[in-house]
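Understanding the architecture of this molecule
Each chain is listed here by its residues.
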There are 2 protein chains.
Amino acid sequence: MTDKKRVYLFEEGNATMRDLLGGKGANLAEMTNIGLPVPPGFTVTTEVCIDYIKQGKKMSAGLMDEIKDALAKVEEKMGRELGDPAKPLLVSVRSGAKFSMPGMMDTILNLGLNKATIDGIIKETNNPRFVWDAYRRFVMMFSDVAMGLSKEKFEHKFTELKTKLGAKQDTDVSADDLRKLVTETFLPMVKSELGREFPEDPMEQLELAIKAVFDSWDNPRAILYRNKEKISHDLGTAVNVQTMVFGNMGEDSGTGVAFTRNAATGEKKLYGEYLMNAQGEDVVAGVRTPMDIQELANQNPEIYKQFADIAQRLENHYRDMQDIEFTIQQGRLFILQCRSGKRTGMAAVRVAVEMVKEGLITKEEAIKGRVSPEQLEQTMHPRFKSKPADKVIAKGMNAGPGAAVGKIVLDSETAVEIAQKNPGEPLILVREETNPDDLGGMLASKGVLTSRGGRTSHAALVARQFGIPTICGCNEIKINHQTRTVSANGTILKEGDWISIDGSDGTVYTGQLPTEPPTESGEVGEMMKWADGFRKLGVRANADTPEQAAEAVELGAEGIGLCRTEHMFLGDRVPLVQKMILAENEADRQSALDALLPLQREDFVGIFKAMEGKPVTVRLIDPPLHEFLPSESELIEEVVTLRIKEPNSPRLPEAEKMLAAVRGMHEANPMLGLRGCRLSIYMPGIVQMQVAAIIGAACEVKKSGMDVHPEIMIPLIGHVNELTWVKSRLEKTAQETMKAEGCDVDYKFGTMIEIPRAALTADKVAAEASFFSFGTNDLTQMTYGISRDDAGKFMRLYIDEKIFPGDPTESIDRDGVGKLMKMCVEDAKKVNPTIKLGICGEHGGDPNSIEFCHMIGLNYVSCSPKRVPIARYAAAQANITLEVDGDK
Amino acid sequence: MTDKKRVYLFEEGNATMRDLLGGKGANLAEMTNIGLPVPPGFTVTTEVCIDYIKQGKKMSAGLMDEIKDALAKVEEKMGRELGDPAKPLLVSVRSGAKFSMPGMMDTILNLGLNKATIDGIIKETNNPRFVWDAYRRFVMMFSDVAMGLSKEKFEHKFTELKTKLGAKQDTDVSADDLRKLVTETFLPMVKSELGREFPEDPMEQLELAIKAVFDSWDNPRAILYRNKEKISHDLGTAVNVQTMVFGNMGEDSGTGVAFTRNAATGEKKLYGEYLMNAQGEDVVAGVRTPMDIQELANQNPEIYKQFADIAQRLENHYRDMQDIEFTIQQGRLFILQCRSGKRTGMAAVRVAVEMVKEGLITKEEAIKGRVSPEQLEQTMHPRFKSKPADKVIAKGMNAGPGAAVGKIVLDSETAVEIAQKNPGEPLILVREETNPDDLGGMLASKGVLTSRGGRTSHAALVARQFGIPTICGCNEIKINHQTRTVSANGTILKEGDWISIDGSDGTVYTGQLPTEPPTESGEVGEMMKWADGFRKLGVRANADTPEQAAEAVELGAEGIGLCRTEHMFLGDRVPLVQKMILAENEADRQSALDALLPLQREDFVGIFKAMEGKPVTVRLIDPPLHEFLPSESELIEEVVTLRIKEPNSPRLPEAEKMLAAVRGMHEANPMLGLRGCRLSIYMPGIVQMQVAAIIGAACEVKKSGMDVHPEIMIPLIGHVNELTWVKSRLEKTAQETMKAEGCDVDYKFGTMIEIPRAALTADKVAAEASFFSFGTNDLTQMTYGISRDDAGKFMRLYIDEKIFPGDPTESIDRDGVGKLMKMCVEDAKKVNPTIKLGICGEHGGDPNSIEFCHMIGLNYVSCSPKRVPIARYAAAQANITLEVDGDK
């Protein structure tokens, strides 16, 4: 252990040593080595911190000697010495971990001040107020961080003094008053509170400060932050000891922060702020209004040019936009920190595209590391201009991205009614939960807010499908249908009141927040073109109507991965569908089905035409039939009321009959009941009608001269025999339909893999299927034993308590569901090497899940039309990442 | 192919050649070789049949020559020839597959008769009526089987003739009338219907007959039978051609069937029937009453002794009880068939135990092959003495074995009321389905019949738990609560009418069928003692009360594998539980929990004491809380009615509040909702109370001087973090409780594996658990995506259509659920080699599943107390089978 180098002068390190020196230390070293004006200093490594913690918070033997050696070299370079009364060196002691944890750990500035050095610096600067204020800050900071005496006690005393003096700002307090405050109040308080003197010896100060920074690695807010950001707790922090420079030594001094390009727009132009005669914290605190960095060109063209050159050098050196902190001390420019600059989605895209064109980075680098899918997505949704905390009334799950502003409406009928009367009236539908009947109301609204259900609840699915901003599972919202009000944490809103919801982060606001529209600049298009060149995964869309199909093609979809047919049983077809369900004999049922056939055929013709010959995976009817009947509780209310009030009403026997039917079809767990292929086996007429419609439509389209490739997907297979049974009957229907049409079309039969057993027995199921499409919504629900409609109650608690690392309905759970998928893919390919494999669950639009789909070797992902670009992009990222870094 | 031997004389085969010669052929050969009087003959092999089918129903070249050669040897032995007018040989042509398929395939008797040989035999026997009757039978049988002319046409003509003659029985028709019938009616009918003559040439007859028998391998009933019995369709049948002997050649002739021991009781004494001057079919047809085989000792002591000696020889030879067919032809005894005799459960046990004692078989053989678990179970349930087909009114699922007779009662309250008024009044509870509230009603009844739900529905689970005969999912039953009647396939029964239900086979009868009580004879006890010596799997019981625990110990349970605690929240505790659920603040909730604690502690004290130191796995509360609240639809009815009729009733706001609470807790899929450990995380107070009760009770029992080993099982784990979270809190409760009691007890925490994800991530979960118990009810439901409460509608269809090879809630589905279990066991042992592994789903009492549990290396199975003996026995079978036969 003793032969490890524990202390690095800045000139001994470089940018690749982030593990050992932390991000800040590595960058300070790099900048020093490329000759930038960095105040000299050294870094104590993260390994020292790890040892310190392991040894029960004890410094390793000999460490302080190594620090002294390094310090001596800095002293030599500066011609100053720590504690030297004549020419004292002052240093800052800062944390700096591998990953940036802004503000989470501790810092001590101005270290080295004591009674003796104060006098020396006063003589040197002739600025006693500056020096006493620096000492005040040091005593406060050091006592707080290194000795454990709360800063508040000092601030309290300082405030008392300012009140006594009638001083408005710190700067109104004179040098003498500051001196008295520190020497007569602060230092005695340290003694009386802690029973020990404030350390005068600068080496003792330094040792205590380094320990304090190590200790701050494990302070509660740092731990919380690491948990949140998934940073390992074992990394430790480095400590940077650096010569102090001061921006507040007069009008020829100053300090600032600037980005090498515009962080909001990406424009290639310095972007930032500075203040003369000020310290870093003054820029942040906002007491004085900082100046635009461009002003510096006028105020001090020499320094500006120096800084602009350095900024350009750093950007070229790091090959990314940089965020740079600088200080001007008495006319001399120092660089204190540089790091990759945070930016908006728009800026990320523009910077990346322009850097590729400038030859600074490759296209692969641009896609892999410079624009995240989230950033790309930001360029595609409207958003709130600001997010005022005082208007937040509740938080829910961010279920459908985008911002929406509208008037509260509490049921779908009212929403539809208003929309018909005043088209364009912005509405937000607020419901406990939504069901298929609410589709009209949802489409009539700008946004949807529900108090139950999660990210894959019906509301969220439909919302994303139609691009409606949506918040789900917002438990804090209570709806009172009697008073037609919504209450949330004390705020009570009436139906018709304005609210604003941010479906991207789940926040609900009162009132109307201003939004800004999405801008799809030329750079986004360029980036997408590059992405398409890199990806191996196909991207399809989930689309149920010709309109959605057209939108999907527009957004780059290469087919439909999931066409849900249940919508074809809704709307004005409900009476026919109910007639079919309630039929008391086969003839009645068939006549209802016969009436539905031409309608559905027309639907498919529209979709096939919109897809222009691209493959279309049609899922046969999936939900249980009782979803098409009225609700039991409403029927009970009606029947009981009629029995008492209008026992002779002709509606009564009708309602009683419907109630009996609904009760007869009641299921304890409809998700696990008579639906999907089970329904096709129990009542084969429906899917025979569907296949006749699909193949009939395909023939019609083909005869019109277009190409068409229907892929018929049989849902909810758990046992291969279900597939064989259903497929053999539907093959017959397909053949008969083609014969009747006098036309042959290319069609396939396949299945959705959404039941764990189907995945477990893929070696059998794959032999009977031309394609598999992972229905990861249901597969996740069944693998976890969690119903999406009921998860709202505990999912947030689970995420908050870190029980689940994330919501498995959002990103594929690789350990569990993913393991099953991987097994399934391997087993399926063994028996059917040409099987086409895709995913059509909501995960198909999630970048992390798309990466996983790429890893396990799927052929395509399918997602809502609006997410197609994100999916195309994420697919490219996955391929680049895995080609470069190898399989994870 | 031509060098394969295709035809075996009986003396050329033996008993081991069942694959090639079929069961019947192999046994005929064996008997021939040990010197028994078997009429000579030969067997055409199953391979010939397979070739015949493969070649498109064509005989292989040269085959008939080989048959002629074999026939020539038989002819030589008999001194008779096929078709010889003077001394004609007559033969039978019978099927005989590897596995007995009684009556499914075809047989032709009396082959070789034609106009010429008839005359010869008449001369020989001087019994023209016998001969013409034999010819009549041959023509009918041959035309039907080999020529495809339905037997009914002939029977119709025969009946016409009998009517014309006024003959009551066949024997009333004279030789001459028979001759006329055959020559003037039958043979011309063959000609006119088929356009060809009935074949006169005996060799042509023989060839056609052999083909017909081969063809009958694939007749619809044979296929159905093989599907049902899971016999491969590729085996083919052999054909046995054997010299005819006749039991109807006079009073010195006869025929009979006898078992070497009593097939009903197992007593070692010949058991069977015979008739003199009769043919085999006469014994079966029941026209004449057959005589007891013991009578033969008086009637013909010589023949009896011969037969008894042969019977003994066959039993010794085959080392099993034999079922033997014999014919006496003119004073000479012939053995026509022998096979292992079918027997009742009681007989199987007694025969096996006595044969072990006689040294005929080993104990391993007795357990492995002589008594099936189903037979053992038969010895333990009451049963109906007979099963009259004319009283059957419906069929459902055999959900709880045993026979029950009682009066129909349509709801639980009425059942409880009647039981209180007239204790002992036999009732059958008939419901659409049952829920936890019905427990009282079920316990008050002798049997339960439901129209919905499957073998693992609540009704069935509780029924087996309490040994109540139960039929579930009996769709044919319709309950009308208005008229208080039950209708089934046209029969309408009133509440209070008698019905009888057989929970062992799912049959519902009208009226009172007589039952017989279970007899546990000494042999059963002996067999069980042997079994315990052979098994490696432990056997525990699922028991929720001290009474069940005591019963379980009595039946040999080595612990409790599942103590469900939800019953501890029912009964007179419901008001407290509802108070706890509806509490509006933590204090109210805690006070309700505090009141429940001593009550539950008392429950556990009782159970621990009953278990006498054996381990007790207690599952913490599992169901969703809304199960403890009233039903939503009943509340709606009440509220709507009160609003209209008694708007000022104080009950109205109360009911409205409850309705709001019930609606607030409504779940779309409660099985996948807020229950199990999710509930423990959402509302930790309940399980903390439970653990305080468990550990408190354990301390109390330990302090009383008894040993106690609670194993606390946390249900519904899907992610290891759930387990860690809950366990860490409950560990604290356990430690605090022990500290308060001043006592240390040995307890463990473990989890139920019932969610697929838990099984998939066993490598993580096992690190945090002392034991796993497979909850295969839920695991099967989630792996299949099938809710047990909703499966009734399609499960029978699935079984009937062979979509599922069996009901996966009955026997573990080895391909899917079993694969998951196997992976789980392997992964769990890798990270936690000492982990204790068990199963507590209903499968724990199913022999096939027990074998699987043994194979994958579980430590124990747990089942309802009544099934403990079966499980012990099946565990022994599994071990013997796998030790002898190796891993499958």
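Structural notes, computed from the coordinates. This structure is a prediction, so every number in the text was calculated from the model and none was measured.

Some details on the relation of the copies chain A and chain B
Of the two same-sequence chains, chain A is brought onto chain B (RMSD 0.4 Å, axial shift 0.3 Å) by a rotation of 180°. These values place the two chain copies in the arrangement generated by a two-fold rotation axis. By C-alpha distance to the rotation axis, the residue of chain A lying nearest is A:Asn669, at 2.3 Å. Interface residue correspondence from chain A to chain B reaches 100%, placing this contact among same-surface, isologous pairings.

Some points on the pattern of salt bridges
All names here are of chain B. Scanning the entire structure with this criterion turns up 122 salt bridges over all chains. Where Lys407 meets Glu425, a salt bridge forms, and the shortest distance between an N and an O atom there is 3.0 Å. Separated by 18 residues along the polypeptide, Lys407 in strand β16 (residues 403-409) and Glu425 in the loop between α16 (412-421) and β17 (427-431) bring together distant segments of the chain. A salt bridge links Asp532 to Arg872; the nearest nitrogen and oxygen atoms lie 2.8 Å apart. Of this pair, Asp532 sits in helix α19 (residues 522-534) while Arg872 is found in helix α34 (residues 868-885), placing the two residues 340 residues apart along the sequence.

Comments concerning the pairing of strand β16 (residues 447-450) of chain A
All names here are of chain A. In β16, alternate side chains face the same way, and those of Gly447 and Leu449 on one face and Val448 and Thr450 on the other are all buried. Across four bridges, strand β15 (residues 427-431) lies against β16 in parallel orientation. Each bridged residue has a counterpart across the sheet, and for Arg431 the counterpart in β16 is Thr450. Pairing of β16 with strand β17 (residues 470-472), which is carried by two bridges, proceeds in the parallel orientation. When the sheet's bridge partners are listed, Val448 is paired in β17 with Thr470.

Topic: the interface of chain A and chain B
Contacts between chain A and chain B engage 59 residues on the former and 59 residues on the latter. Here chain A packs against chain B, burying approximately 5,400 Å² in sum over the two surfaces, 59% of which is carbon and sulfur. Among the residues of chain A in contact with chain B, A:Leu672, A:Arg757 and A:Lys793 are the three that bury the most area, contributing 12% of the side total. At the junction of chain A and chain B, the tally comes to six salt bridges. Two residues, B:Asp827 and A:Lys819, come together in a salt bridge whose shortest N-O distance is 3.4 Å. Taken together, chain A and chain B are joined by 34 residue pairs in polar contact (both at pLDDT 80 or more). Of all the elements in the fold, those that place two or more residues in the side of chain A that touches chain B are α23 (632-645), α24 (651-664), α25 (676-682), α27 (720-741), α28 (756-760), α30 (776-784), α31 (792-800) and α32 (814-831) of chain A.

Quick notes on the packing of helix α4 (residues 115-125) of chain A against helix α5 (residues 128-147) of chain A
Residue and element names in this part refer to chain A. Put simply, α4 and α5 touch, their axes get as near as 8 Å, and they point 145° apart. Of the two possible hands of crossing, α4 and α5 adopt the one that is right-handed. Mapping the contact onto sequence places Ile118, Ile121, Ile122 and Thr125 in α4 and Pro128, Phe130, Val131, Trp132 and Tyr135 in α5. When grouped by side-chain class, the residues that make up the contact of α4 with α5 number eight nonpolar, one polar and no charged.

Side note on the sheet that holds strand β22 (residues 491-494) of chain B
Residue and element names in this part refer to chain B. Reading across from one edge, β20-β21-β22 is the order of the three strands in this open sheet, with antiparallel pairing throughout. Either end of the sheet is taken by a strand with one partner, and the two such strands are β20 (477-480) and β22. Within the sheet, the average angular offset between the axes of one strand and its neighbour, ignoring direction, is 20°. With four bridges joining them, strand β21 (residues 485-488) and β22 adopt antiparallel strand pairing. Each bridged residue has a counterpart across the sheet, and for Thr485 the counterpart in β22 is Lys494.

Some words on unusual backbone geometry
Residue and element names in this part refer to chain A. Even without being a glycine, Lys57 presents a positive backbone phi close to 60°. Residue position: Lys57 is located in the loop between α2 (46-54) and α3 (63-78). The phi torsion at Arg319 lies on the positive side, around 55°, for a residue other than glycine.

Here we look at the side chain of B:Thr255
All names here are of chain B. One can find Thr255 in strand β8 (residues 254-259). For Thr255, a relative accessible area of 7% puts it in the buried group. A polar side-chain atom of Thr255 sits 3.0 Å from the main-chain carbonyl oxygen of Phe326.

A short note on the packing of aromatic side chains
Both the distance between ring centres and the angle between the ring planes are used here to describe each pair of aromatic rings. Overall, the coordinates contain 32 aromatic pairs over all chains when judged by the stated rule. With centroids separated by 5.7 Å and ring planes inclined at 90°, the aromatic side chains of A:Phe138 and A:Phe198 adopt a geometry described as edge-to-face. Pair noted here: A:Phe138 is in helix α5 and A:Phe198 is in the loop between α7 (175-194) and α8 (202-216), with a separation of 60 residues, a long-range link. A:Phe198 carries the same exposure label as A:Phe138, and that label is buried. Relative to B:Tyr135, the ring of B:Trp132 lies with its centre 6.0 Å away and its plane at 70°, an arrangement referred to as edge-to-face. Of this pair, B:Trp132 and B:Tyr135 both sit in helix α5 (residues 128-147), three residues apart, which is roughly one turn of the helix. Taken together through their ring pairs, the aromatic side chains of A:Tyr784, A:Phe794, A:Tyr798 and A:Phe804 make up a single cluster. The ring of B:Phe158 has B:Lys162 sitting right over it, with the charged end atom 4.5 Å from the ring centre.

A short note on the sheet that holds β15(A)
Residues and elements named next belong to chain A. Pairing is mixed across the open sheet formed by eight strands, whose spatial order is β12-β22-β21-β14-β15-β16-β17-β13. For this open sheet the edge positions go to β12 (392-395) and β13 (397-400), each flanked by a neighbour on one side alone. Neighbouring strand axes in the sheet, compared pairwise and without regard to direction, differ in orientation by 30° on average.

Here we look at a negative patch on the surface
All names here are of chain A. A surface patch of like charges, here negative, comprises Glu413, Glu417, Asp437, Glu634 and Glu637. Only α16 (412-421) and α23 provide two or more residues apiece to the negative patch. Under the relative-accessibility criterion, Glu637 is labelled partly exposed at 32%.

Here's the deal with the state of the cysteines
Within the structure shown, the criterion is met by zero disulfides over all chains. Here A:Cys474 is not disulfide-linked; the sulfur of A:Cys472 is the nearest cysteine sulfur, at 9.6 Å.

Considerations on helix α12 (residues 301-318) of chain B
All names here are of chain B. Counted at 1.5 Å a residue, the expected span for α12 with its 18 residues is 26 Å, and the 25 Å between its end C-alpha atoms agrees. The complete set of buried residues in α12 reads Ile303, Tyr304, Phe307, Ile310, Ala311, Leu314, Glu315 and Tyr318. Angular distribution of buried residues about the axis of α12 spans 135°; they occupy a single face of the element. Projecting away from the buried face of α12 at angles above 90 degrees are the exposed residues Glu302 and Lys305. Following α12 by one or two positions, Arg319 has its phi on the positive side, about 55°.

Here we look at the side chain of B:Asn879
All names here are of chain B. Inspection of the secondary structure puts Asn879 in helix α34. Under the relative-accessibility criterion, Asn879 is labelled buried at 6%. Within the local environment of Asn879, its side chain forms a polar contact with the backbone oxygen of Phe534, the two atoms lying 2.6 Å apart.

Digging into the nonpolar core
Judged by nonpolar contacts, the single largest core of 230 residues is most densely connected at A:Phe772 and B:Phe772. Not counting residues up to four positions away in its chain, the partners in contact with B:Phe772 are B:Thr751, B:Ile753, B:Ala762, B:Val765, B:Ala766, B:Cys824, B:Ala828, B:Ile835, B:Lys836, B:Leu837 and B:Gly838.

Points about helix α1 (residues 18-33) of chain B
Residue and element names in this part refer to chain B. Taking 1.5 Å of rise per residue, the 16 residues of α1 would be expected to cover 22 Å, yet its terminal C-alpha atoms sit only 15 Å apart, more than 12% below that figure. Its axis deflected by about 80° at Lys24, α1 carries its strongest bend there. Burial runs high along α1: 12 of the 16 residues are buried. Buried residues of α1: Leu20, Leu21, Gly22, Gly23, Lys24, Gly25, Ala26, Asn27, Leu28, Ala29, Glu30 and Met31, and no others. Gly35 sits one or two positions beyond α1 and adopts a positive phi of about 90°.

Notes on the environment of B:Ile499
Residue and element names in this part refer to chain B. Note on placement: Ile499 falls in strand β23 (residues 498-502). Separated by 194 residues in the primary sequence, Ile499 and Ala693 place their C-alpha atoms 44 Å from one another. Apart from the residues lying within four places of it in its own chain, the contact partners of Ile499 are Ala404, Val405, Gly406, Ile408, Ile428, Val430, Leu449, Leu493, Tyr509, Thr510 and Gly511.

About the cut-offs
- Residues numbered from 1 in each chain as written.
- Chains lettered and ligands numbered in written order.
- Predicted model: local features only at pLDDT ≥ 70, side-chain atom pairs only at ≥ 80, totals over all residues.
- Heavy atoms only, no water.
- Least-squares fit on C-alpha atoms with pLDDT ≥ 70 in both.
- Contact = heavy atoms within 4.5 Å.
- Salt bridge = Lys/Arg side-chain N within 4 Å of Asp/Glu carboxyl O.
- Helix = DSSP H or I, 4+ residues; strand = E, 2+ residues; numbered from the N terminus.
- Buried < 20%, exposed > 50% of the residue type's maximum accessible area, 1.4 Å probe, protein only.
- Pairing = 2+ DSSP bridges.
- Buried area = accessible area lost by both parts, 1.4 Å probe.
- Polar contact = N/O pair within 3.5 Å; in protein donor to acceptor, adjacent residues only side chain to side chain.
- Axes fitted to C-alpha atoms, helices over the stretch in contact; angles between N-to-C directions.
- Left-handed = near helix turned anticlockwise from the far one by under 90°.
- Nonpolar A, V, L, I, M, F, W, Y, C, P; charged D, E, K, R; others polar.
- Phe/Tyr/Trp six-rings, centres within 6.5 Å; stacked < 30°, edge-to-face > 60°.
- Lys NZ or Arg CZ within 6 Å of the ring centre and 35° of its normal.
- Patch = residues over 30% accessible without salt bridge, like charges linked within 9 Å, V, L, I, M, F, W, Y side chains within 5 Å.
- Areas by Shrake-Rupley, 256 points an atom, 1.4 Å probe, with all protein chains shown as cover.
- Lys, Arg positive; Asp, Glu negative; His and termini not counted.
- Charge placed at Lys NZ, Arg CZ, Asp CG, Glu CD.
- Disulfide = S-S within 2.5 Å.
- Expected span 1.5 Å × (residues − 1).
- Arc of directions from axis to C-beta.
- Core = buried A, V, L, I, M, F, W, Y, C linked by side-chain atoms within 4.5 Å.
- Bend = angle between axes of the 7 residues up to and from the residue.

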